[in-house]
Amino acid sequence: MLYSLDNLDIDIQIERTTPQMWRIVGQVLPVRSAPDDVAGVRISLSSSSQAILDEAANQWGEFVIRDVPLGLYDLEISLRDRDIVVENLRVGSL
């Protein structure tokens, strides 16, 4: 899945790792600025307002969220100047 907004492309792939678990692999890509503008951005995954994970992307804006169970999630990307939320990210078949 590719989301484009606010001069960013957000590439997200959801991969099944076991019959009950998935992982979310993604990258935050700046469209008009230097790639290091997304180095270390905070990535948060939540479900029903409960935080599941909070970590930093690497120097290329890449992130991996492991051991995600079936469900609907919000993926929040915290940039230096704003937050972007991908709502209702479906993991697995509901």
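Please refer to the structure higher up on the page.
It should be emphasised that the depicted structure is a prediction, and the values quoted were computed from it without experimental measurement. (Residues numbered from 1 in each chain as written. Predicted model: local features only at pLDDT ≥ 70, side-chain atom pairs only at ≥ 80, totals over all residues. Heavy atoms only, no water.)

S.K.: Quick question: what am I supposed to make of the pattern of salt bridges here?
M.R.: Using the criterion set out here, one finds three salt bridges in the structure. Of the charged contacts in the structure, one is a salt bridge between Glu 15 and Arg 23, with a shortest N-O distance of 2.6 Å. Judged by relative accessible area, which is 25%, Glu 15 ranks as partly exposed. Notably, a salt bridge pairs Asp 81 with Arg 82, separated by 2.8 Å at the nearest N-O pair. Residue classification places Arg 82 among the partly exposed positions, given a relative accessible area of 28%. (Salt bridge = Lys/Arg side-chain N within 4 Å of Asp/Glu carboxyl O. Buried < 20%, exposed > 50% of the residue type's maximum accessible area, 1.4 Å probe, protein only.)

S.K.: Just to check I follow, could you spell out the side chain of Ser 78 for this structure?
M.R.: Tracing the chain through its elements places Ser 78 in strand 7 (residues 71–78). At 3.2 Å, the side chain of Ser 78 and the side chain of Asp 83 are in polar contact. Ignoring any residue separated from it by four or fewer positions in sequence, one finds Ser 78 in contact with Val 41, Arg 42 and Asp 83. (Helix = DSSP H or I, 4+ residues; strand = E, 2+ residues; numbered from the N terminus. Polar contact = N/O pair within 3.5 Å; in protein donor to acceptor, adjacent residues only side chain to side chain. Contact = heavy atoms within 4.5 Å.)

Keep in mind these numbers describe shape, not what the thing actually does.
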